[in-house]
Amino acid sequence: MNRINLAIALSQSAAMLALASGLALSPAAFADDLVWRGPNQGDWFLAANWKKTDGTAGRIPTAADTVLFDSGGSGVIYISAAAPNVAGVITCVAKSVNFTASKTIQFADNMPARTRLGFGVTDDFIVGAGATNTLIRAGRNAGGAAGAGADLEITTTNGRIENRGTFEGGRGMGAGGHGGWVKLVAGRPNALGVLVRGTVNGGAAAAGGSGNGGDVILQAVNSDINILGASANVRAGAGSTDVAANGMAVGDGGTVNLFTSKNIVISREAGANTLYVTGGGGGSSARRGGDGGWVNFGQNFRRATNVTIGAGVQVLAGNGGNVGETVANVIISSGTGGHVIGYVSDAMTNQGTIKSGSGGLPTATAGATRAAGGNAGYIWLEVSDFTNAGTGVVQGGAGGSGVGRGGQTRCEWGGWGGDITIKGMSFGTILNQGLIKAGPGGWGNKLAGAPSGGQADGGVVDIIGNAAFTNTSAAGSVGTIMGGDGGMANDVNANGCKGGDVNVNVNLDIINNKVIQGGKAGKKIGGVSNGPAGKILLFGREVKAIGTIIRDLEGLPGDPFVPGLPAGVRVAALNGVTISPDTSVFADTVNLSTQAGTIRATGLGFGIYGRVTALNDLVLDAGCMGAIDFLSIQPDVSRPLLVCRNSAYELGPVHLSSVPMTSGYSPSSIIIGNVVYDVHANADFDGDGTVDFFDYDAFVACFEGLFCPPGKTADFDGDGTVDFFDYDAYVTAFEGGC
């Protein structure tokens, strides 16, 4: 089914709900408690296979009846081709269904293609603790020799769905049959809607065509979704693989969709095996790879309220499919990794692992004109409050490596590393105590006789939105945010690629007590032309602690500071920047700036304060309304606060810029570098302490040679001449409120 047919599937769910509701409300002669007593492979739709609980003859269950599967009767129940079929859907109805012993329910062979097995239940559908070996499976070979796998849908109008067994979509058959999807739709409001303590698997697509893997949809109508326990797993089906020579008919992996406006909890039991929620892998072929399946939490128009991912849980999007062309003069493309998407109105907490899919890999491609590695999938989480706890990992997938012929010297034929975006909403908080790491770019692998391979840039971490941001640590945790490493080249004819940036751009305060690191520059094995390293930006209302910020220093020789280009590390805030005692900044270029606050350093005693180190250029800019204040630290000449010096011990410029400029300290006691005072020109031209139109009139009069206030000239830019550059400079300062 996949994303294209998701809307159709949701509309079909509504039809199932309507069907179950209509059947429940229709007049029934009797409402009975029925138990299964049929023979092995007996038919659900045969009255003789059912008994009443008092042992008398039963009937085919209706929407008024309670259905029980206990230890009596056979273990295998068939749904035959003779069953009532309405528009391709066979629906088993009941008031409620309860399994207290393990059974298998599945289609008989040779059902019509894409027939759906549906259960329409008014109240609860329960596979209980005594029925953990229960298997409910849509036809594995539905459609005969070349059909798509059958779909499985269980719908309740007022009850919950609980699964401690296994639910499976049908496997595709023949040449590229689609895998069947599994959809659980619980209509129980304001309580637990869907509980998975067993396994839910989308059907795998058949090889030899372009069939997509089966999706898994867990949908609760105004109720919670829980995936819990020692044996719980949710997996979408893998896409079709084309095994033919020169083949390219592949399918995409299935998606996992968790849809509710309430809460989602995914948690394993202590000491239990890893709990997986995974998108299906893309199919592989000779010339094209299928895309990996996504994992979705909530929807943009119907957000989950809270999402909790416990320790030991792995939420993994599917990897892109590989390619393996061996015929010359073709272009082949590996599959893109799947994405992880979360829309959450309140809080999302991660103690496990969230990872987007990696890009597919070219394999036996010696004859290909170009063999592109697949791009990794991205992670997009849009929440009010987000906590990545100490055990939590949020990781972008790796870009696939590019290989082949044709002089691939650029960073575009390998797969891009997976980006991570966490967008805060509603004045919330984004807190990281674990690891947030974008994916690495693909390598450039050179085959025999090929000039070079293709490689790509590392993924980017963006933390944005209307939120506060804190990067810290809990006991034993890492508290680290990293851009993805740039792709490496293994040939002297190719360059390494760019490391991924880390951008923190939020409307509220920033506190960084741990480590933020840009992606490492991709290296050229056997050469010297490395790619540029990832940059780091912190921008917020106030940066209360800078923490440890590291930029890789093995970038291209052309990468160092160029006037007018962004610094390697930039920390900017409206209301001030604090160099806290745990600050350790190390980069080629550093820019600390504020618009209306103070750039200050704080210490814990004599010589106990942080350090900011730049190789080429260090700027502290408090603008025309801020200040620079280091008076609260106790300087130690053996431990400088600000350092600008390269590896050859050549001093670089340390720019100090503010109005007013704070005095009272000796620059030599805390600074190693060539101190440059860049005091901002003041637009308060008449000297009355405010910037208003009287100042503008005063400057114009002075510029035109009529009258200048005492001590003022119209040479505003200080170049020794009065011209329109002075006029432009004054207008800029005036409009900026300086």
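Quick caveat, the model's predicted, so the values are computed rather than measured.

1. A word on the nonpolar core
By size, the foremost hydrophobic cluster in this structure holds 114 residues, and its most contacted members are F125 and L642. Excluding residues that lie within four positions of it along the chain, F125 makes contacts with V97, F99, F119, I136, I154, T156, R160, I161, E162 and F167. Formed by ten residues, the second largest nonpolar core is a distinct cluster that contains A714, Y730, A733 and F734.

2. Remarks on unusual backbone geometry
Phi at N190 is positive, roughly 60°, even though this residue is not glycine. For Y649, which is not a glycine, the phi torsion comes out positive at approximately 65°. As for its placement among the helices and strands, Y649 is situated in the loop between β54 (642–644) and β55 (653–657).

3. A few points about the environment of F606
Its location among the elements puts F606 in the loop between β50 (603–605) and β51 (608–609). The spatial distance from the C-alpha of F606 to the C-alpha of I633 is 7.4 Å, given a sequence separation of 27 residues. When neighbours within four sequence positions are excluded, F606 is seen to be in contact with Q634, P635 and D636.

4. Here we look at the environment of V502
Along the chain, the position of V502 falls in strand β40 (residues 502–506). The sequence separation of V502 and L538 amounts to 36 residues, and the corresponding C-alpha distance is 8.4 Å. Ignoring anything within four residues of it in the chain, the contact list for V502 reads V461, I481, M482, G483, I516, Q517, G518, K535, I536 and L537.

5. What about the layout of surface pockets?
Here the second largest pocket is characterised by a volume of approximately 230 Å³. Around the second largest pocket, the lining is made up of 19 residues, and of these P440, W443, D485, G486 and M488 lie nearest the centre. The residue makeup of the lining of the second largest pocket, split by class, is six nonpolar, eight polar and five charged.

6. Some points on the confidence of the model for the protein chain
Confidence in the prediction for the protein chain averages 84 pLDDT; 83% of positions are at 70 or higher. The low-confidence segment residues 1–29, where pLDDT is below 50, has 57 contacts with residues more than four positions distant or belonging to other chains. Across residues 556–565 the pLDDT falls below 50, and counting only partners more than four positions away or on other chains, this stretch makes 14 contacts in the model.

7. Some words on the packing of aromatic side chains
On inspection of all chains with the given rule, the structure shows 20 aromatic pairs. Ring centres of W50 and F69 lie 5.8 Å apart, and the angle between their planes is 65°; this geometry places the pair in the edge-to-face category. Of this pair, W50 sits in strand β3 (residues 50–52) while F69 sits in strand β4 (residues 66–69), and the two are 19 residues apart along the sequence. A single burial state applies to W50 and to F69, both of which are buried. Pairing F685 with F699 gives two aromatic rings, centres 5.3 Å apart and planes at 85°, and the pair type is edge-to-face. With a gap of 14 residues between them, F685 in the loop between β57 (674–677) and α3 (693–703) and F699 in helix α3 connect regions that are remote in the sequence. Connected via pairs of aromatic rings, a cluster forms that spans F685, F693, Y696, F699, F703, F724, Y727, Y730 and F734.

8. A closer look at the pattern of salt bridges
Summed over all chains, the structure comprises 16 salt bridges. R116 serves as the salt-bridge partner of E153, at 2.8 Å between the closest nitrogen and oxygen. Of the two residues, E153 is situated in strand β12 (residues 151–156) and R116 in strand β9 (residues 116–121); the sequence distance between them amounts to 37 residues. Between R303 and E382 there is a salt bridge whose closest N-O contact spans 2.6 Å. Here E382 lies in strand β31 (residues 379–383) and R303 lies in the loop between β24 (295–297) and β25 (304–309), a separation of 79 residues in the sequence. Each member of the salt-bridge network shares a partner with another, and the members are D32, K52, R59 and D65.

9. Quick look at the side chain of T134
Along the chain, T134 turns up in the loop between β10 (125–127) and β11 (135–137). T134 sits in the buried class, given a relative accessible area of 0%. Polar side-chain contacts of T134 include one of 3.2 Å to the backbone nitrogen of K103. Sequence-distant contacts of T134, defined by excluding residues within four places in its chain, comprise F99, A101, S102, K103, V127, G165 and T166.

10. A few points about the pairing of strand β5 (residues 76–79)
Two faces make up the sheet, and in a regular strand the side chains alternate between them. Alignment of strand β2 (residues 42–43) against β5, held across two bridges, turns out to be parallel. Within the sheet, the bridge partner assigned to G42 lies in β5 and is I77.

11. Considering α3
Within the sequence span of α3, burial applies to D695, A698, F699, V700 and C702. Those residues of α3 hidden inside the fold are in contact with α4 (724–735). Two or three places before F694, at the start of α3, stands the capping residue D692, its side-chain oxygen 3.1 Å from that residue's backbone nitrogen. At the exit of α3 stands G705, carrying a positive phi of roughly 80°.

12. Comments concerning the packing of α3 against α4
Put simply, α3 and α4 touch, their axes get as near as 11 Å, and they point 175° apart. Here α4 runs roughly antiparallel to α3, going by the angle between their axes. In contact with F693, D695, Y696, F699, V700 and F703 of α3, α4 contributes F724, D726, Y727, Y730, V731 and F734. Split by residue class, the contact of α3 with α4 holds ten nonpolar, no polar and two charged.

Parameters at a glance
- Residues numbered from 1 in each chain as written.
- Predicted model: local features only at pLDDT ≥ 70, side-chain atom pairs only at ≥ 80, totals over all residues.
- Heavy atoms only, no water.
- Core = buried A, V, L, I, M, F, W, Y, C linked by side-chain atoms within 4.5 Å.
- Buried < 20%, exposed > 50% of the residue type's maximum accessible area, 1.4 Å probe, protein only.
- Contact = heavy atoms within 4.5 Å.
- Helix = DSSP H or I, 4+ residues; strand = E, 2+ residues; numbered from the N terminus.
- 1 Å grid on protein atoms, 1.4 Å probe; cavity = no way out; pocket = protein on both sides within 12 Å on 5 of 7 lines; lining within 4 Å.
- Points joined across faces, edges and corners; volume = space filled by probe spheres on them.
- Nonpolar A, V, L, I, M, F, W, Y, C, P; charged D, E, K, R; others polar.
- pLDDT = per-residue confidence, 0-100.
- Phe/Tyr/Trp six-rings, centres within 6.5 Å; stacked < 30°, edge-to-face > 60°.
- Salt bridge = Lys/Arg side-chain N within 4 Å of Asp/Glu carboxyl O.
- Polar contact = N/O pair within 3.5 Å; in protein donor to acceptor, adjacent residues only side chain to side chain.
- Pairing = 2+ DSSP bridges.
- Axes fitted to C-alpha atoms, helices over the stretch in contact; angles between N-to-C directions.
- Parallel < 35°, antiparallel > 145°, perpendicular 65-115°, else oblique.

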